[in-house]
Every structure is written in structure tokens, then in C-alpha cells.
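Analysis of the macromolecular model
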Amino acid sequence: MSPESPETDIPAGAAHTAAPPGPAGERDPAGEPRPAAESEPAPPPRLSRDASLSAVLAGLVAVVVSYSGPLVIVLSAASAGHLSTAQTSSWVWAISIGSGLTCIGLSLRTRMPVITAWSTPGAALLVTSLGAYSYAEAVGAFLITGAVITLIGLTGVFGRLMRQVPAAVVSAMLAGILFSFGTHVFTSLKTAPVIAGSVLVAYLVAKRLLPRYAVLIALAVGVVGSAATSRLHVHVDKIELARPVLTTPAFSVASLVGIAVPMILATLASQNAPGMAVLTASGYRPQDRLLIGTTGLASTALAPFGSHAINLAAITAAICTGPESHPDPRRRYVAGVSCGAFYLLIGAFGSTLVAFFAGLPKELVAAIAGVALFGALAGGITGAVKEEKDREAALITFLATASGVTLLGIGSAFWGLVFGVTAHLVLSGQWRRRTAGA
């Protein structure tokens, strides 16, 4: 059994089984597919044994990226909807607690680095639409969104659709999602050469000498560079616990059509689909019913407190699923637990610690996220071009996803899948055969 094999997903209530001999689709030296693992007892997850500094750091970097970028969209939506300070703080609390609990619970349950977060495209939708409805109507739409996503997840419909997508297209979508993060390392050199340059140089040197701690060293050097150039503006005046605000939901046809329907589509297509793809491309076998169903339930439960949608993450997940988290894929679940713990910590203090992350230079966040994702980006590109027959479909997927285009309110990751699968069916001739047999 390979020591670097990822753990398979375990259905609810089943005993843990041994990890498969290698990532999904891996072949032995003779070129033959490796057989599935025999059912044999595997030791239960034990953080004291499996924990590592690199995995904990991966979780921390994922949280820094989440609060330094996507949260700004949430705060903008709260401002556009004229929410009070208490309501905004409750919103931050709800999405943080929901993300934290699902990260920890699902990572321990599946022994995979399951990273969850709040719906970024959903928050972007609310920037322009929240002001048109009462807050109670918005909460009602959030509640319906969570319930529908739970139903879709538990029935397995979403997973069946995702399993029809060719592996090369999935890898190309992952590469397209991460492409801009890789380039941001170098575009940041223009506005903050000392910060971005020090992060890049420190990462390369550490990757050569201490590869497991390359991101940690790069982060430390980047913080020093930020302070040296007077770009570090971290101010926390007081620390106080967040106070959740319970809002009784109200329901209207207008809010369901204007908020719930596009929120459901955006969350499933632009967040959960790439999130599943990241885990699959990293060699894991995610159980869609468990993951989508659980995040949907968390969204539903926390909707009255302001949570618009909890879902699988893609960008931050790629930080935790790669070798930078840990060389052994079976021990990377610790990164998911770590990420969840940091979510809970920040959520407990509401907007207090959010101010801390807001003080980090955007170039530092961009550079750290970029170098942390180098490995995942390389893996996506490799998987996309591995099979010659799928390269053109994978290329179309990559270009569409990397373009960042938004059509009908749905992000480019979804359209990358649509165009890529369509190209695969046309170029492989499967579409023609299916049409003839219809």
C-alpha cells in the first residue's frame, strides 16, 4: 500500500476502510490500473499523530485568503442592503461558524481535507439585489436556498452529473480556476516589488532547502517585507465576542425569484462543482451526498442568523489538498480541521478579527495564495494534457474558466465545464453515437 494514497470517502455510518493504493486512476509500473484496496481496518484519525505544522499552516493560509478577499464582498452586500452593525456581525458569525463546523466535521468524517466556505458568487449577487428586499425576505430566500441545495445533494443528482465529466476536463477547470492566482504573484511585483519579490524568493529558496515549510517561510518573510515598506496596517482596538441576531424569515415570490433561484444556481455551479473537482483532481473520491447534503443543512440551519450559503470551497481547498499541506495525502485532512478551527476562532469574535485580516496588504495575500497554489496548478495542468485525445476539450475548458467570464449570473468555472464537456462529446464522437441511438 502506498504511503501517499488518499483516503476514500466513507458513507455515513460505515466503518473506516484502508486507503486505496494510490490516487484515483493511478497505474502501477507496468501501466496496469491498480486494483481497489481490500477492506481492512485503518486506524481512526488521531490528530496527535497526524498533525503537522505544514497542514496547520495550509489551513491558516486558506482562512487568510478567505477573510482578505471574499469577505469584502459580504461586507459590501451588507452595506448595500443597509444592514445594521449587529446584523452584519451576525452574518459574519453565521458564515464563519457554518464553514468552521463543516470543515472540521467533514474532514474528520472522511479523512480528506474538506474545505468549505461561504458562497462568493452568492454574496456578489446580493451586492446588487439585497437592497431591493427587506432583510427578513432575504433571510427567507437564504432558508429556501439551503433547503433546495440539501435536497439536491442528498438525492445524489449533483454527484451523478459530475461523474459524467471527463477527468481531463475536470483538471483543466481546476487549472483555469487557479491560473489567475498564479499570475497574481507576478503582477503584484509591479505595485509591491519588495513584498511580492521577497515572498517569491523566500518560497523558492525554502522549497529547495525546507520544502514542507516553504509557504510558512514565505509568509514570514512577506510580513517582514510588508512591515519594512510600511504596508502593514493591522489595528485591533478591542476584542469582543460576536452576538448572533435571530431574524424571523419572511417569504415572497419576488425574493425567491430574485435571490433564491440565482443563489442556488450560482452556489451549485460556481462553488460546489469546482469544489468537488478540486478533491477529485487531487486523487480523492468525494461522496457528493455527504458533502453537498451537509453543507446544505448547515446553510439552512444558519440562514436565520444571516448565512446566505455554505458550500464546498475551490481556491482555498486547493491550498489544503496539495503536497504543500503534507506529502502523505492521508494526513492532509488535518488542514481541513485546522481551517475549520481558525474559522470558529474568527467567527466567535465576529468583525473584530476581520479588521486584522483587512490590515494585510493585498499584494501579500495575493503572493502567498499564489505560491501556495503552485503545486495544485501544476497538477491541474498535468492532468489536463495527460491524454492526447482529450487535450482540445481540456484546452477549451481551461480557456473558458481562466477567462473569468460571467454569463446569466453564473461564473466561468461552470461555463468551462459546459464548453469542455460539449467539446469532448463533439470531438470524441460520443454525441453522434448517442444521437443515432436515441
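Residues numbered from 1 in each chain as written. Predicted model: local features only at pLDDT ≥ 70, side-chain atom pairs only at ≥ 80, totals over all residues. Heavy atoms only, no water.

Quick look at the confidence of the model for the protein now. Note: predicted coordinates in regions of low pLDDT should not be interpreted at a detailed level. When pLDDT is averaged across the protein, the result is 80; 83% of the residues are at 70 or more. Note that pLDDT drops below 50 for residues 1–41; the model gives that stretch 92 contacts with residues more than four away or on any other chain. (pLDDT = per-residue confidence, 0-100. Contact = heavy atoms within 4.5 Å.)

Further remarks concern the packing of aromatic side chains. In total, this model carries 6 aromatic pairs according to the counting rule given. Taking 6.4 Å as the distance between ring centres and 40° as the angle between the ring planes, the aromatic pair formed by W91 and F142 counts as tilted. Of the two residues, W91 sits in helix α4 (residues 85–110) while F142 sits in helix α6 (residues 135–155), which places them 51 residues apart along the sequence. Of the two residues examined, W91 and F142, each falls in the buried class. A ring pair is formed by W93 and F305, whose centres lie 5.5 Å apart and whose planes are at 70°; its orientation type is edge-to-face. With W93 in helix α4 and F305 in the loop between α12 (288–302) and β2 (310–312), this pair connects stretches of sequence that are 212 residues apart. (Phe/Tyr/Trp six-rings, centres within 6.5 Å; stacked < 30°, edge-to-face > 60°. Helix = DSSP H or I, 4+ residues; strand = E, 2+ residues; numbered from the N terminus. Buried < 20%, exposed > 50% of the residue type's maximum accessible area, 1.4 Å probe, protein only.)

Turning to the packing of helix α8 (residues 167–191) against helix α16 (residues 362–372), a few remarks are in order. Their axes nearest at 7 Å, the elements α8 and α16 cross at an angle of 145°. Of the two possible hands of crossing, α8 and α16 adopt the one that is left-handed. Contacts between α8 and α16 involve F181, H184, V185, S188 and T191 from the first element and E363, A366, A367, A369, G370 and V371 from the second. (Axes fitted to C-alpha atoms, helices over the stretch in contact; angles between N-to-C directions. Left-handed = near helix turned anticlockwise from the far one by under 90°.)

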